[in-house]
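Survey of secondary and tertiary structure
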Amino acid sequence: MVKVKIVGATGYGGIGLIELLAQHPEAEIVALVAREDVGRRVSEVYPHLEGFCDLPILDAEDPRAAGAEADVVVFSTPDRVGMFEAGKALAQGAKVLDFSGDFRFTTAEAYADYATRHGKEPTHGAPELLGKNAYGLAELHREAIRKAPVVGNPGCFACSCILGLAPAAHARLFDPMSVICDCKTGVSGAGKKLAATHHFPARYENMNAYKLAGHQHVCEVERELSLQYGEAVRLTFTAQVVPLCRGIMSTLYAQLAAPATEEALVALYKAFYKDSPFVRVYGSKAPVGSNCVARTNFCDLVVSVDARTNRLRVVSYIDNLMKGQAGSALQNINLMAGLPETLGLMRPGMYP
């Protein structure tokens, strides 16, 4: 039985993880910590949890939170929170899983590049932990995640783009300077915090691109694809928000180095992900869309070739709150605890 403490429990990421852990056969939530709604039961704030999780929301200094014995402490918190708290959890014998960008990078230099793009302080608060941490994309770093004391959960856009291009990068099929990631996300990707741009009148029947000067997830995508390729991969990334609650569709392009058929690339992708149960690969005629992965931990990849221009095109679908956040988190917790990777996660979506 893995015991889990969640810090930042009432945001979308925290609630998503509670929903999953409440039905996990080998997990127990030992404490929920948040800044808001302290003293209330979480099921009072989120009534759909009634009878599934009725734990109180605790302040971080509450002895019931500070002294909770956990195997894994999850920080579902903004950047620059987990880095200052991880050491305390490690000292108590727990492993750490962080949802922010604090531990997605293994060097201070790589973190500084990410933080600068994100408009954050570039100096890491726990540099002694960098290099001991693992990047939490299980499909590429499964063994490292099992062993690491600290795991940085991947960004949602990064997850969709990396999974969509890793097999082709590993086979060095494309020009490493030709990659384009055209990505659309639902409004929930902005998180729970209120903002005028996310009010219903501003979002209904409206879509727009944002962070065109540089999105923070680019660092993750370029690093992971470069590791697979064996040399630097550079890409053009465009993030767009569309009037959906949840879901990401990333349409990924790269110029092929030599002609290739769709059949050959589909076979290559299936071979690459043969041991990755949450990645499903399809050809261009498959009737796949965002609803196929909604509320699941699956990533669906539609692989095709534009023969006229000799360009690879992959459409990657994930649920941004599941495979892009809480689902990947539980996948990582399973690995960190020595449990089957799919435990509590292997189920279909619901149609329609």
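The rules behind the values
- Residues numbered from 1 in each chain as written.
- Predicted model: local features only at pLDDT ≥ 70, side-chain atom pairs only at ≥ 80, totals over all residues.
- Heavy atoms only, no water.
- Pairing = 2+ DSSP bridges.
- Helix = DSSP H or I, 4+ residues; strand = E, 2+ residues; numbered from the N terminus.
- Contact = heavy atoms within 4.5 Å.
- Axes fitted to C-alpha atoms, helices over the stretch in contact; angles between N-to-C directions.
- Buried < 20%, exposed > 50% of the residue type's maximum accessible area, 1.4 Å probe, protein only.
- Disulfide = S-S within 2.5 Å.
- 1 Å grid on protein atoms, 1.4 Å probe; cavity = no way out; pocket = protein on both sides within 12 Å on 5 of 7 lines; lining within 4 Å.
- Points joined across faces, edges and corners; volume = space filled by probe spheres on them.
- Nonpolar A, V, L, I, M, F, W, Y, C, P; charged D, E, K, R; others polar.
- Parallel < 35°, antiparallel > 145°, perpendicular 65-115°, else oblique.
- Phe/Tyr/Trp six-rings, centres within 6.5 Å; stacked < 30°, edge-to-face > 60°.
- Lys NZ or Arg CZ within 6 Å of the ring centre and 35° of its normal.
- Left-handed = near helix turned anticlockwise from the far one by under 90°.

Sheet architecture is open: seven strands sit in the order β3-β2-β1-β4-β5-β7-β6, paired in parallel fashion. Among the strands making up the open sheet, the edge pair consists of β3 (57-58) and β6 (133-135). Relative to strand β7 (residues 150-152), β6 runs parallel, the two being bridged by three bridges. The partner of Asn133 across the bridge, within β7, is Val150. Against the sheet, helix α4 (residues 82-91) engages β4 (72-75), β5 (95-98) and β7, with an angle of about 160 degrees to β5.

Quick look at the sheet that holds strand β13 (residues 299-306) now. Taken in spatial order, the seven strands of this open sheet run β9-β10-β8-β11-β14-β13-β12, and their pairing is mixed. Bordering the open sheet on either side are β9 (208-210) and β12 (279-282), each of which pairs with just one other strand. Ignoring which end each strand starts from, the neighbouring axes of this sheet average 20 degrees apart. Of the strand pairs in this sheet, β9 and strand β10 (residues 235-241) are connected by three bridges, and their pairing is antiparallel. Its bridge partner being in β10, Tyr210 is matched across the sheet by Ala239.

Let us now look at the side chain of Ser304. Structurally, the position occupied by Ser304 is in strand β13. Of the residues examined, Ser304 reaches a relative accessible area of 6% and is grouped as buried. In contact with Ser304, not counting residues within four places along its chain, are Glu262, Ser284, Arg311, Leu312 and Arg313.

On to the side chain of Glu224, then. Take Glu224: it is sitting in helix α9 (residues 218-229). Owing to a relative accessible area of 2%, Glu224 belongs among the buried residues under this scheme.

What follows deals with the state of the cysteines. Taken as a whole and assessed by the stated rule, the structure comprises zero disulfides. With no disulfide of its own, Cys159 has Cys299 as its nearest cysteine by sulfur position, at a separation of 6.2 Å. Cys245 carries a free sulfur, and the closest cysteine sulfur to it, the one in Cys156, is 13 Å from it. When its relative accessible area of 52% is taken as the criterion, Cys245 is described as exposed.

Unoccupied space between atoms shows up once a probe the size of one water molecule is rolled over them. Taken as a whole, the second largest pocket spans an internal volume of roughly 660 Å³. In this structure, the second largest pocket is lined by 28 residues; those nearest its centre are Glu19, His48, Arg246, Arg295 and Met322. If you tally residues by element for the lining of the second largest pocket, the top one is helix α1 (residues 12-21), at five residues. Its residues placed into classes, the lining of the second largest pocket shows 15 nonpolar, nine polar and four charged.

On to unusual backbone geometry. For the bond running from Tyr351 to Pro352, omega is 0 degrees, close enough to zero to count as cis. As for its placement among the helices and strands, Pro352 is situated in the segment after α11 (322-336). The phi dihedral of Arg295 is positive, around 60 degrees, even though this residue is not glycine. In this structure, Arg295 sits in the loop between β12 and β13.

Once that is clear, we can look at the packing of helix α7 (residues 156-170) against helix α10 (residues 262-272). For the pair α7 and α10, interaxial distance at closest approach is 10 Å and the crossing angle is 105 degrees. Comparing the axis directions of α7 and α10 gives the class roughly perpendicular. Of the residues in α10, those in contact with Leu163, Gly164, Leu165, Ala166, Pro167, Ala168 and His170 of α7 are Leu268, Tyr269 and Phe272. The residue makeup of the contact of α7 with α10, split by class, is eight nonpolar, two polar and no charged.

Attention shifts here to the packing of aromatic side chains. Scanning all chains against the criterion turns up seven aromatic pairs. Ring centres 5.1 Å apart and planes at 35 degrees place the aromatic pair Phe105 and Tyr114 in the tilted group. The buried category is assigned to Phe105, whose relative accessible area is 2%. Between Phe174 and Tyr229 the ring centres are 5.5 Å apart and the planes differ by 45 degrees, which places this aromatic pair in the tilted class. Taken together, the residues span a long stretch of sequence, with Phe174 in the loop between α7 and β8 (179-185) and Tyr229 in helix α9 at a distance of 55 residues. In this pair, the class of Phe174 matches that of Tyr229, namely buried. Grouping aromatic residues by their ring pairs yields a cluster made of Phe105, Tyr111 and Tyr114. The ring of Tyr135 carries the charged tip of Arg223 above its face, separated from the ring centre by 4.4 Å. The ring of Phe298 carries the charged tip of Arg280 above its face, separated from the ring centre by 3.9 Å.

A few words on the packing of α1 against α11. Contact pair α1 / α11: the axes reach a minimum separation of 9 Å and the direction vectors enclose 50 degrees. The orientation of α1 relative to α11 falls into the category oblique. Considering the relative orientation of α1 and α11, their crossing is right-handed. Contacts from Tyr12, Gly13, Gly16, Leu17, Leu20 and Leu21 of α1 reach α11 at Met322, Gln325, Ala326, Gly327, Ala329, Leu330 and Ile333.

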